[in-house]
Amino acid sequence: MQHQEEEDDIQDFYHQPGEIPGQINIQEDAVKTQIRLVDYNETYLINKKDITPQQCGEFLDTQSVSWVDVQGLGSPEVIEELGRVFELNSLVLEDVVNMAERPKTEDYEDQLVIIARMVMPKPKGSGFYSEQVSFVLGKYYLLTIQEEPTRDCFEAVRHRIKHNRGIIRKHGADYLAYALLDSIVDGFFPVLERYGEKIEDLEQEVIIKPTPQTLRKIYKIRRQLLKLRRAIWPQRDVINSLIRDSGNLISDEVRLYLRDCYDHSIQVIDMVETYRELSSGLMDVYLSAVSNKMNEIMKFLTVMSSIFIPLTFIAGIYGMNFNTEKSPLNMPELNWYWGYPLCLGSMGAIAIGLLLIFKRRGWLDNASSLKDDNP
Amino acid sequence: MQHQEEEDDIQDFYHQPGEIPGQINIQEDAVKTQIRLVDYNETYLINKKDITPQQCGEFLDTQSVSWVDVQGLGSPEVIEELGRVFELNSLVLEDVVNMAERPKTEDYEDQLVIIARMVMPKPKGSGFYSEQVSFVLGKYYLLTIQEEPTRDCFEAVRHRIKHNRGIIRKHGADYLAYALLDSIVDGFFPVLERYGEKIEDLEQEVIIKPTPQTLRKIYKIRRQLLKLRRAIWPQRDVINSLIRDSGNLISDEVRLYLRDCYDHSIQVIDMVETYRELSSGLMDVYLSAVSNKMNEIMKFLTVMSSIFIPLTFIAGIYGMNFNTEKSPLNMPELNWYWGYPLCLGSMGAIAIGLLLIFKRRGWLDNASSLKDDNP
Amino acid sequence: MQHQEEEDDIQDFYHQPGEIPGQINIQEDAVKTQIRLVDYNETYLINKKDITPQQCGEFLDTQSVSWVDVQGLGSPEVIEELGRVFELNSLVLEDVVNMAERPKTEDYEDQLVIIARMVMPKPKGSGFYSEQVSFVLGKYYLLTIQEEPTRDCFEAVRHRIKHNRGIIRKHGADYLAYALLDSIVDGFFPVLERYGEKIEDLEQEVIIKPTPQTLRKIYKIRRQLLKLRRAIWPQRDVINSLIRDSGNLISDEVRLYLRDCYDHSIQVIDMVETYRELSSGLMDVYLSAVSNKMNEIMKFLTVMSSIFIPLTFIAGIYGMNFNTEKSPLNMPELNWYWGYPLCLGSMGAIAIGLLLIFKRRGWLDNASSLKDDNP
Amino acid sequence: MQHQEEEDDIQDFYHQPGEIPGQINIQEDAVKTQIRLVDYNETYLINKKDITPQQCGEFLDTQSVSWVDVQGLGSPEVIEELGRVFELNSLVLEDVVNMAERPKTEDYEDQLVIIARMVMPKPKGSGFYSEQVSFVLGKYYLLTIQEEPTRDCFEAVRHRIKHNRGIIRKHGADYLAYALLDSIVDGFFPVLERYGEKIEDLEQEVIIKPTPQTLRKIYKIRRQLLKLRRAIWPQRDVINSLIRDSGNLISDEVRLYLRDCYDHSIQVIDMVETYRELSSGLMDVYLSAVSNKMNEIMKFLTVMSSIFIPLTFIAGIYGMNFNTEKSPLNMPELNWYWGYPLCLGSMGAIAIGLLLIFKRRGWLDNASSLKDDNP
Amino acid sequence: MQHQEEEDDIQDFYHQPGEIPGQINIQEDAVKTQIRLVDYNETYLINKKDITPQQCGEFLDTQSVSWVDVQGLGSPEVIEELGRVFELNSLVLEDVVNMAERPKTEDYEDQLVIIARMVMPKPKGSGFYSEQVSFVLGKYYLLTIQEEPTRDCFEAVRHRIKHNRGIIRKHGADYLAYALLDSIVDGFFPVLERYGEKIEDLEQEVIIKPTPQTLRKIYKIRRQLLKLRRAIWPQRDVINSLIRDSGNLISDEVRLYLRDCYDHSIQVIDMVETYRELSSGLMDVYLSAVSNKMNEIMKFLTVMSSIFIPLTFIAGIYGMNFNTEKSPLNMPELNWYWGYPLCLGSMGAIAIGLLLIFKRRGWLDNASSLKDDNP
């Protein structure tokens, strides 16, 4: 249902006034929690599915990198158990579970918490999925928590770990966190690409054939760009603060990579703002184009009416029933030999005269010619 | 009365030029002052209603947390007595009583004064109540002052204290102040949710069936979002300055909780600004939609007029009374055997020709089809 | 004359290029200078009118507070004498006399110069008076200079001094300066209140009955809010810089009071900006409302024209003069027994059919119904 | 030619890509260079015209103030010679000659270079001249370079030097630089005054009689205010940086005067921004006023059409030629005794009914009445 | 194809989510890589074409300046070899090859990497080429990398090196980098000049003869200015950070030249912003002008209709067939002696009356007269 779809576009999850801070509220439709573990260093790799938090606990203190990948938030007891195993602050747990937090980062003594927002284009239609991903980065582990188990943009990173591509297996958990963050930021590009294409289509449509549909599409794009913007701006700040003040959990080399990621986030912002300006310009163009179309319609009506109204008036004159026999002044034209031809002739002359006036005013131009024109 | 309701929307209480600073002006319709006291620590709880300021005084210096909850500002002598008991600066008293202060915080030596603004959705209709709440935080007490005794958003906190839920009974007065501030900030969400729903309704209405009513609704929402915005922006600054410079009355742990509250206030601001942009976009859409509707009307008029005007002209021609007997040139068609059918036939040809022109220009499309379309 | 009135709205006094700095230019219509002196401390009070600068000089070094209140700038020799008595810098004198300075503050060694702007609602009509007030604050004296002797917003302060209300007689010249500044800032509220009322009236007018008058009123309000804004913004900066860097002429206690005054100035700014946004929203509403009204007019025209144009065409058909005797094909209907009733019947059918079409399109709704609707 | 005039409004001189930095490009229409020297101290004054750079050189190291006033840039060899005499950096020379630099200041060891922009109202028409003035301030000399010899706004300063008015002869070259800068800043006021008057005229015109001319005038004002804005904003920064970081070439006393000049530049900016807001508001008003006018036209058309169309239809009915003899049902009204008066009467009744409807809708009001109204 | 052209206007190259950082992705249509070397000092000059990276390597450590100019990115093995020879970080190589980076600068220990964006006007049509140029500045060498071998804006610099013009041969690699950057910044001016001319043309067109074409042109200009803006803003920051924090690879003297280049970039930004404001103003003007034109059309229609509709009605009256023989009340006018002349006379009187009304309302003015008017 379309209305439903738009509804979750605009409304965020929101905090109940007065609720106890650090409390975990599971949403009704949440999916059962699944935990995947990838433990690796340069030479070895373990990959486990559907394990329990306790089982994870064994890997946390080994020097190999342990990526605990939690998907689905439907099992509060598992989440709480995770909180105990990873020694999470209750506020952190709340943020992780409430799926509408603003991207942010918080530095606890030996943990770095990052809340990020991941977008993915919907396979059909025009929208995109927007999902929160939380990171808890420790010295030798990375915990990631996401809501929806069926989709994310981390496959390429998993593939790089599995097949030992690039330098990911040579670095620690901080590099892994960077690689995932970078996937998230780069994940904005395919979504934006789609809006770029749409804006281009609309640019054609809005001038050549503006309809109320066009208007709705422009508004929808503006709205979704607003949503993207709300997701990417704080993300940029998160990355920036990771580069600047993230303590010793992030090595200097990874900081260098984060600068690259930061540049990408700026580029996303640049594109979002550009598209916003373009779509806002399109609204102006739309309004002007609708006025133009009205002008065209009015011109047609005016030309038609203005030509035939005087002619009809003349015809009306000679349709009057004044009695020609009572007076030689009463419509003697009706009895002239050339009466009818003269009448038709003067009508033609009037029509031609008016057409000339309209031509001089440019009201006879075919405005649709723009379609073939090379602007 | 509706006009009345809008009036108190826009107008603030204002300061009389030249009035003595620190003077208490009681508004005429103010309600009698009532004082409630909750005194608690982890193990014990006292709950008193309708007590006097002097009675409160006894609890202030005990190490248990004393929450003095003042409601209604109609009894100036009680207010002044409170001022004496709590040793309030006269400027503080003035701010507390003048119910249209901007949210702010001021740090007196051993007291922290916070002026906040609480919003609550009206049970019926579209507006919201907006009420000032003042906090005076001391080492072992919290004084809260609000105008209206019948409603506030503190019930959940009272419940947590009464039933010892969460950690509130384990902490001091600073945590209580945080819990109430958090209730106030989270209290913006239900109000915003309502506007979110309204904006969604208007998004449908504005394209499918724009009326002057729609315009009025959009303007009203913009206006109330403006009001919300004025309430939440300084609140964010208040919380931020509590986190940064609030002296030693607020413990480091509570400061951590306040950061969470700060995040919520940012989220409120985000939503307010998003809704403002959406409602401003709706105004553009409205204007375009009205133009569209005009186009549709004009197209109909133009099609009808342009088809029948030439036909009527032809009928007018053959309604002329030129005397066919005086000249063979005078409308001989009238006497032809096929005259009438030929005339009707040419009329039909003209009508079909014009319809084809209109079809090519797209003026015969039914613009209302958009209702069923999947955009 | 209205044009005249608007003229002094928009144009400032301006500096002649190349003129000698510190030069005093008296405007032609300036009023004769009058000097009032109030000298007081907690126990004694002297009140003198129409004295000379020299007479003032005697009071300056006594420890009682001397308020020298100069009104009218028409006597350059008095002004210059004042400059000598108070040892004013020539640039200060120029600023004091040129009545269109921007509010600012300058710190000379043992004098603090404050240029402020005072607004007062005009007794009739919609505008407000805007007048410059200059302060020169010394250790034991305050010199205030204003242009217009007949009105200011200092009466309440004079009353407090005379009748020893509040704490004004217990403090020094810095408190007096604060009390006057506070009067000036609070003086913006009654002016703003008026615009608040006007905006509310316009909100009704703009949707229900928009006329060119409405447009003019909206524009006028925007313009005057612009003027208010230019007056209050720098005033806020003045007060802020008084709080922060005003040397030892202002005591810490008065600084506390100035913070209160600063809060009021922020509140004025808040209201001005809100009203500006509202009035700018009103302009959008106006444009939409005018379009709406045009729609209504066009709908009426279209309904009337579209119904009668085809009917008139049919009547035109049967008004043709084809000769029914020459051919059985020539309008045999004219001679049918049921010809006329059938003709009228088909006309009625067409009219009803068109009305149904219009009804389905919603063109028969009465748009004015909004007046009684509860939005 | 008007087009020509607008062209130089918008286009700046621009730098050729890849050109050698510090190269002097003389524009083709440049005027022959003339040098004037004024050398003065408190007691003596020398005034020379048409001297050579070498002759100037002799005066530079004397302790009297030497003002070398260069006008016209058409003699590159003179310019280069000047560069040698004053030991100018090649980049400085380039900036001085390229007449479209942004105002800026640069601090070389014992020279201070200031690029300023001077505006002067055109004697006729609406525009203003905009010309670059460059200052090179040394310890005992000031070099000023301008493009156009026939006009500048320095006459008042020359007069003050010549007749020893004010304190200019008592101060050094830094005071002279201040005096000229102040002339330049104050020179914006007469230009702005003109736009203030124009905006006031347009305020009348735009509501009472909006024409396409009005639109063009508004656009032109906006454009020229944009140009003024580009000139004054960097100028303010220049003065500000002179006050703050200009080394020891500027004495503390002159710095005080520069603060006054800075205040004036802020005032200019204030006015420019206010006028920009007003003219942008005028554009909105224009659009609304045009829509209003269209409404008025449409109302007239609708009233005329809607009244006569039904009447003409009735007349058409009774113009039909149904044969009354063939059937008593065929238009018996034609043969009634009261037929014609009844017909006319019903027409009148319809017309009156429609007029009443229009009156109730307010379509008969004369919108032009606003001209006489007192808003 | 036009659509294609616009497509690459708006869409950037974008990063694949999850791709390995530092990976080189060659675009399919990339051109074969060519390397040019210019090695020079004040007295000697070597110029080599089509050499290999290894051959370049020999020149890097000599004290003469080596400019390695790489064009075309189609040969990944050459690029990688370059990376090895110049010891480039893998992230740098990625940035250099991905042709849609934002301008930025990064400081590696003994290398300074600058990503810049070069624009060049297209020889035909209205657009411009936009191409990334990367600089790697070492102590004795400068590596520049661009995508497209056939065009750049460095010819003037090459010419200056070859013919030893200016001071370029006397300075090091940092001066060369400055000279090229300056060419890039100055290369914005010819592109902007084109838009300046177009805006001027549109200013004429939009008021005198607005068509949908005009609308499209305005939108296109806004869009391309947006693109220019995105290119120049970060470039300014790059130059600024070079001036402020670029370590010891850039000498103080070159820093001075960079300040000049910085001024030019500010000037470009100024012009871009001015043109953006002007083109946004043009959109408003366009909308107003279209409304104006509609007014003109409606006035014509209204005048024509309003005059002839009553006349046609009168003619219709006397075309009715009331039987004058059955009653003396039935249209006796038809049998009057002066019937017909009286009828025509009253028609003429009505027409003249209506024309007078229209004249008073100003509906008969010829709005096109503005073309010849001197505004």
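What counts, and at which threshold
Residues numbered from 1 in each chain as written. Chains lettered and ligands numbered in written order. Predicted model: local features only at pLDDT ≥ 70, side-chain atom pairs only at ≥ 80, totals over all residues. UniProt positions renumbered as here; feature names shortened; annotations may be inferred. Helix = DSSP H or I, 4+ residues; strand = E, 2+ residues; numbered from the N terminus. Buried ≥ 20, exposed ≤ 12 C-beta atoms within 10 Å, placed from the backbone. Pairing = 2+ DSSP bridges. Domains from an automatic or database assignment. Least-squares fit on C-alpha atoms with pLDDT ≥ 70 in both. Contact = placed C-beta atoms within 7 Å. Nonpolar A, V, L, I, M, F, W, Y, C, P; charged D, E, K, R; others polar. Axes fitted to C-alpha atoms, helices over the stretch in contact; angles between N-to-C directions. Parallel < 35°, antiparallel > 145°, perpendicular 65-115°, else oblique. Left-handed = near helix turned anticlockwise from the far one by under 90°. Arc of directions from axis to C-beta.

The name recorded for chain A in an unreviewed UniProt entry is Magnesium transport protein CorA, from Dulcicalothrix desertica PCC 7102. In its Sequence similarities (unreviewed entry) section, the UniProt record describing chain A reads: "Belongs to the CorA metal ion transporter (MIT) (TC 1.A.35) family." What the UniProt record of chain A gives under Function (unreviewed entry) is the line "Mediates influx of magnesium ions."

K.L.:
Looking at this model, I keep getting lost on the overall build of chain A. Mind explaining?
P.N.:
Helix and strand counts for chain A come out as 10 helices and 7 strands. Taken over 375 residues, chain A has a buried fraction of 47%.

K.L.:
Where do I start with the pairing of strand β5 (residues 111–121) of chain A in this structure?
P.N.:
Within a regular strand, the side chains alternate between the two sheet faces. All names here are of chain A. Within β5, 9 of the 11 residues are buried, leaving the element largely enclosed by the surrounding structure. When strand β4 (residues 104–108) meets β5, the two strands line up antiparallel, connected through 5 bridges. Within β5, the position partnered with lysine 104 by the bridge is isoleucine 115.

K.L.:
Would you mind going over the domain arrangement of chain A with me for this structure?
P.N.:
One frequently used descriptor of interface size is the decrease in accessible area upon assembly of the parts. Partitioning chain A into domains gives domain 1 (21–157 + 171–287) and domain 2 (295–366). Here the C-alpha centre of domain 2 of chain A lies 74 Å away from the C-alpha centre of domain 1 of chain A.

K.L.:
Can you walk me through the UniProt feature "transmembrane region" (unreviewed entry) in chain A in this structure?
P.N.:
According to UniProt, the "transmembrane region" (unreviewed entry) feature falls on residues 300–318 and 338–358 of chain A. For residues 338–358 of chain A, the end-to-end C-alpha separation is 30 Å, with 95% helix and 0% strand making up the annotated structure.

K.L.:
Help me out: how do you make sense of the relation of the copies chain E and chain D in this one?
P.N.:
Both copies of the chain are tied together by a single rotation about an axis and a shift running along it. Rotating chain E by 72 degrees about the axis while translating it 0.1 Å along that axis superimposes it on chain D, leaving an RMSD of 0.1 Å. The symmetry that links the two subunits is that of a five-fold axis. Taking C-alpha positions as the reference, the residue of chain E nearest the rotation axis is Gly319(E), at 4.4 Å. Counting the interface residues of chain E, we find that no more than 15% of their copies in chain D are interface residues as well, pointing to two distinct contact surfaces.

K.L.:
Is there a simple way to think about the interface of chain E and chain D in this case?
P.N.:
Residue-level contacts link 66 residues of chain E with 57 residues of chain D. Of all the secondary-structure elements, those providing two or more residues to the side of chain E that touches chain D are α5 (155–162), α6 (173–186), α7 (188–208) and α9 (252–317) of chain E. If one sorts the elements of the side of chain E that touches chain D by residue count, α9(E) sits on top with 33 residues. Grouping the amino acids of the side of chain E that touches chain D by side-chain chemistry returns 28 nonpolar, 23 polar and 15 charged.

K.L.:
Explanation requested: unusual backbone geometry in the structure shown.
P.N.:
The phi angle of most residues is negative, glycine excepted, and most peptide bonds adopt the trans form. Residues and elements named next belong to chain A. For glutamate 87, which is not glycine, the phi torsion reads 55 degrees and is therefore positive. Tracing the backbone shows glutamate 87 in the loop between α3 (76–85) and α4 (90–97). Judged by the 13 C-beta atoms lying within 10 Å of it, glutamate 87 is partly exposed.

K.L.:
What exactly am I supposed to notice about the sheet that holds strand β3 (residues 65–71) of chain D here?
P.N.:
Either a parallel or an antiparallel arrangement is found when strands of a sheet pair, and the pairing is made through backbone hydrogen bonds. All names here are of chain D. Spatial strand order, β2-β1-β3-β7-β6-β5-β4: 7 strands in an open sheet with mixed pairing. Only two strands of the sheet have a single partner each, and these edge strands are β2 (45–49) and β4 (104–108). Each strand axis lies, on average, 15 degrees off the axis of its neighbour in the sheet, ignoring direction. The pairing of strand β1 (residues 34–40) with β2 spans 5 bridges and is classified as antiparallel. Directly across from valine 38, in β2, lies its bridge partner asparagine 47.

K.L.:
Before we go on, may I ask you to explain the packing of helix α2 (residues 53–60) of chain E against helix α3 (residues 76–85) of chain E in this structure?
P.N.:
Packed helices, taken two at a time, are described by the angle between their axes plus the distance between the axes. All names here are of chain E. Interhelical geometry of α2 versus α3 gives an angle of 20 degrees and a closest axis separation of 9 Å. Looking at the two axes, α2 sits roughly parallel to α3. For the element pair α2 and α3, the recorded crossing hand is right-handed. Within the contact between the two elements, α2 uses Pro53, Gln54, Cys56 and Gly57 and α3 uses Val78, Glu81, Leu82 and Val85. Within the contact of α2 with α3, the residues separate by chemical class into 5 nonpolar, 2 polar and 1 charged.

K.L.:
Help me understand the environment of Tyr275(A), please; the structure alone is not making it clear to me.
P.N.:
All names here are of chain A. When you line up the elements, tyrosine 275 lands in helix α9 (residues 252–317). Exposure remark for tyrosine 275: the 23 C-beta atoms within 10 Å place this residue in the buried category. C-alpha separation for the pair tyrosine 275 and serine 66, spaced 209 residues apart in sequence, amounts to 40 Å. Once you skip the residues sitting within four places of it in the chain, tyrosine 275 turns out to touch Leu192, Tyr195, Gly196, Ile199 and Leu225.

K.L.:
Explain the sheet that holds strand β3 (residues 65–71) of chain C here, please?
P.N.:
All names here are of chain C. If you trace the 7 strands from one edge of the open sheet to the other, you get β2-β1-β3-β7-β6-β5-β4, paired in mixed fashion. Since the sheet does not close on itself, it has two edges, and those belong to β2 (45–49) and β4 (104–108), each with one partner. Strand-to-strand twist of the sheet, defined as the mean angle between neighbouring strand axes without regard to direction, takes the value 15 degrees.

K.L.:
Please explain helix α2 (residues 53–60) of chain B as it appears in this structure.
P.N.:
Given 3.6 residues to a turn, an α-helix orients residues that are three or four positions apart in the same direction. Residues and elements named next belong to chain B. Listed as buried for α2 are Pro53, Cys56 and Phe59. Angular distribution of buried residues about the axis of α2 spans 105 degrees; they occupy a single face of the element. Of the surrounding elements, those touching the buried residues of α2 are β1 (34–40), β3 (65–71) and α3 (76–85).

K.L.:
Would you mind showing me how to read the packing of α9(A) against α9(E) here?
P.N.:
In contact at an axis separation of 8 Å, α9(A) and α9(E) are set at 20 degrees when each is read in the N-to-C sense. With respect to α9(E), the axis of α9(A) lies roughly parallel. For the pair α9(A) and α9(E), the sense of crossing is left-handed. Grouping the amino acids of the contact of α9(A) with α9(E) by side-chain chemistry returns 21 nonpolar, 13 polar and 3 charged.

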